[in-house]
Amino acid sequence: MRPFGIRLGMFWALFVASVLMFIRNRAAVFFSLFLPLIIMLIFGVLNFEGTPTIKLGVADEAKNEASADLIDGLAAFDYIEPSNGSRDALLEKLKKGELGFVLVVPSGFSPQPGQEGGLVAYAASADPQQTQVARGLLQQAVGTALFAPSGGTGAAAPPVRFESVESRDLGYIDFLVPGIVGMTVMQLGLFGVAFGFVHLKRTGALRRLFATPTSPAYFLGAQVASRLIIAFVQVVILFGIGIWFGLQMFGDYVSLAVIVLLGSVIFLAVGFSIAGWAKNEDQAAPVANLISLPMMFLSGVFFPRDAMPDFLANITQFMPLTYVNEALRAVVNDGASLTSLGPQLLGMGVWALITFVLAVRLFKWE
């Protein structure tokens, strides 16, 4: 048994060597750091928040013919995205910034002049200037939806009374940054490990390593530790740029770090699996891309998964990157704690077990 100081020095030397190996691997550095960074800068500069679309929640408490006609009429407007639900559930979404307005159709609602039951619209207070414009559009849409079927002008429409609700001003950058962080963790594990180990196998460096007093366990430990440190450095860089673009952090950084750690373990194991199976870089690259590209576009990195067809959303729900991205967004955008992320943590735990078993069975030193 070597003294602890010698073992620690050996591990430190291997750790430094692993970091230098990663830095000198241009393909790994590009795919795991510069590609996500470039994508975030492009999307951050483009800024997709100028859309005139009104996300409207409708709470139909009247449930009569008049309220049904109103809802159908509002759905006909291209600039309105209506969704139905209860008043409390929709107001909760409004406070989280997921909706722009909540229109409540109260019991006893009637579009006839002189009848009781006026409409109430709760408006998000996050962006007053944009809300003011949307108020006018919504008022016009309500009047048209109520009176167009009967040939009226809408001038005598029951007024929509607006009330302001404190809400979070979540922009596209708030959605984008957690997805880019998840993608970076994936890319680091796939490309940072797979390409580096395949190169060492092909050149015989791993075989020569066994001729030294170095323990393979120390070498693997140094590789994993270095990739985890690099992952956290990358996350710090991406969050710094995200904050510069206006990112808001509602959760705690400890929960964020735990999710990044679990995600890194999953994709590092995938990277070791690819490195163990592939004989050279030409075999590793297609497999890594085949795994990463579908998750990049189907796990909600750039756009919400709600826009997918139901069958596709149900399938992609079980992708490992989907669990990571959902957990990251819950912490960053909603301020969720680890105790409230049971389904996501369970999904990541299952994938960590599956990928670990694959890595053990597929990894070979030569």
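Presented here is a report on the structure given in the accompanying data block. (Residues numbered from 1 in each chain as written. Predicted model: local features only at pLDDT ≥ 70, side-chain atom pairs only at ≥ 80, totals over all residues. Heavy atoms only, no water.)

### Topic: the overall build of the chain
For the chain, the count of helices and strands is 13 helices and five strands. When the 366 residues of the chain are sorted by exposure, 47% land in the buried category. Of all intrachain contacts in the chain linking residues separated by at least 6 positions in sequence, the fraction that spans at least 24 positions is 77%. By element, 65% of the accessible surface of the chain is carried by carbon and sulfur atoms, the whole surface being about 18,000 Å². (Helix = DSSP H or I, 4+ residues; strand = E, 2+ residues; numbered from the N terminus. Buried < 20%, exposed > 50% of the residue type's maximum accessible area, 1.4 Å probe, protein only. Contact = heavy atoms within 4.5 Å. Areas by Shrake-Rupley, 256 points an atom, 1.4 Å probe, with all protein chains shown as cover.)

### Considerations on the packing of helix 9 (residues 253-277) against helix 12 (residues 320-334)
Two elements in contact, helix 9 and helix 12, have axes whose closest approach is 10 Å; the angle formed by their N-to-C orientations is 170°. Between helix 9 and helix 12, the interaxial angle falls into the category roughly antiparallel. In contact with Ser255, Leu256, Ile259, Val260, Gly263, Ile266 and Phe267 of helix 9, helix 12 contributes Pro320, Leu321, Val324, Ala327, Leu328, Val331 and Val332. Partitioned by chemical class, the residues of the contact of helix 9 with helix 12 number twelve nonpolar, two polar and no charged. (Axes fitted to C-alpha atoms, helices over the stretch in contact; angles between N-to-C directions. Parallel < 35°, antiparallel > 145°, perpendicular 65-115°, else oblique. Nonpolar A, V, L, I, M, F, W, Y, C, P; charged D, E, K, R; others polar.)

### Let's talk about helix 6 (residues 172-203)
For helix 6, built from 32 residues, the straight-helix expectation of 46 Å at 1.5 Å per residue is met to within 8% by its first-to-last C-alpha distance of 45 Å. Extensive coverage of helix 6 is indicated by the burial of 29 of its 32 residues. (Expected span 1.5 Å × (residues − 1).)

### Some details on a negative patch on the surface
A surface patch of negative charge is lined by Asp88, Glu92, Glu98 and Asp306. Looking at where glutamate 98 falls in the secondary structure, it is placed in the loop between helix 4 (87-95) and strand 3 (101-105). (Patch = residues over 30% accessible without salt bridge, like charges linked within 9 Å, V, L, I, M, F, W, Y side chains within 5 Å. Salt bridge = Lys/Arg side-chain N within 4 Å of Asp/Glu carboxyl O. Lys, Arg positive; Asp, Glu negative; His and termini not counted. Charge placed at Lys NZ, Arg CZ, Asp CG, Glu CD.)

### Section: the packing of aromatic side chains
Throughout the structure, instances matching the rule amount to three aromatic pairs. The interplanar angle of 70° and the centroid separation of 6.4 Å between the aromatic rings of phenylalanine 239 and tyrosine 253 together place this pair among those described as edge-to-face. Of the two residues, phenylalanine 239 is situated in helix 8 (residues 216-244) and tyrosine 253 in helix 9; the sequence distance between them amounts to 14 residues. By relative accessible area, tyrosine 253 is classed as partly exposed at 48%. (Phe/Tyr/Trp six-rings, centres within 6.5 Å; stacked < 30°, edge-to-face > 60°.)

### Brief notes about the environment of glycine 97
Among the secondary structure elements, glycine 97 is positioned in the loop between helix 4 and strand 3. Residue glycine 97 is classed as partly exposed on the basis of its relative accessible area of 26%. Once the C-alpha coordinates of glycine 97 and aspartate 334 are considered, the two residues, 237 residues apart in sequence, prove to be 9.6 Å apart.

### Focus on the nonpolar core
Inside soluble globular proteins, nonpolar side chains tend to come together where they are buried. Within the largest apolar cluster, 55 residues are counted, with the highest numbers of intra-cluster contacts made by Val181, Phe239, Ile259, Phe267 and Phe302. When residues of this core are traced back to their parent elements, those giving at least two are helix 6, helix 8, helix 9, helix 10 (281-298), helix 12 and helix 13 (342-362). Ranked by residues supplied to this core, first place goes to helix 6 with 17 residues. Ignoring any residue separated from it by four or fewer positions in sequence, one finds isoleucine 259 in contact with Val324, Ala327, Leu328, Val331, Leu338, Leu341 and Met348. Ranked by size, the runner-up nonpolar core spans 21 residues in total, among them Ile54, Leu74, Phe109 and Val142. (Core = buried A, V, L, I, M, F, W, Y, C linked by side-chain atoms within 4.5 Å.)

### Some words on the environment of phenylalanine 267
With respect to the helices, strands and loops of the structure, phenylalanine 267 is situated in helix 9. As for phenylalanine 267 and leucine 190, which are separated by 77 residues in sequence, their C-alpha atoms are 6.1 Å apart. Apart from the residues within four sequence positions on either side, phenylalanine 267 is in contact with Val185, Met186, Gly189, Leu190, Met295, Pro320, Leu321 and Val324.

### A closer look at a nonpolar patch on the surface
There is a patch of nonpolar side chains on the surface, built from Trp277, Leu346, Val350, Ile354, Leu358 and Leu362 and spanning about 540 Å² of accessible area. In terms of residue count, helix 13 provides more of the nonpolar patch than any other element does, five residues in total. Tracing the sequence through the fold places leucine 362 in helix 13.

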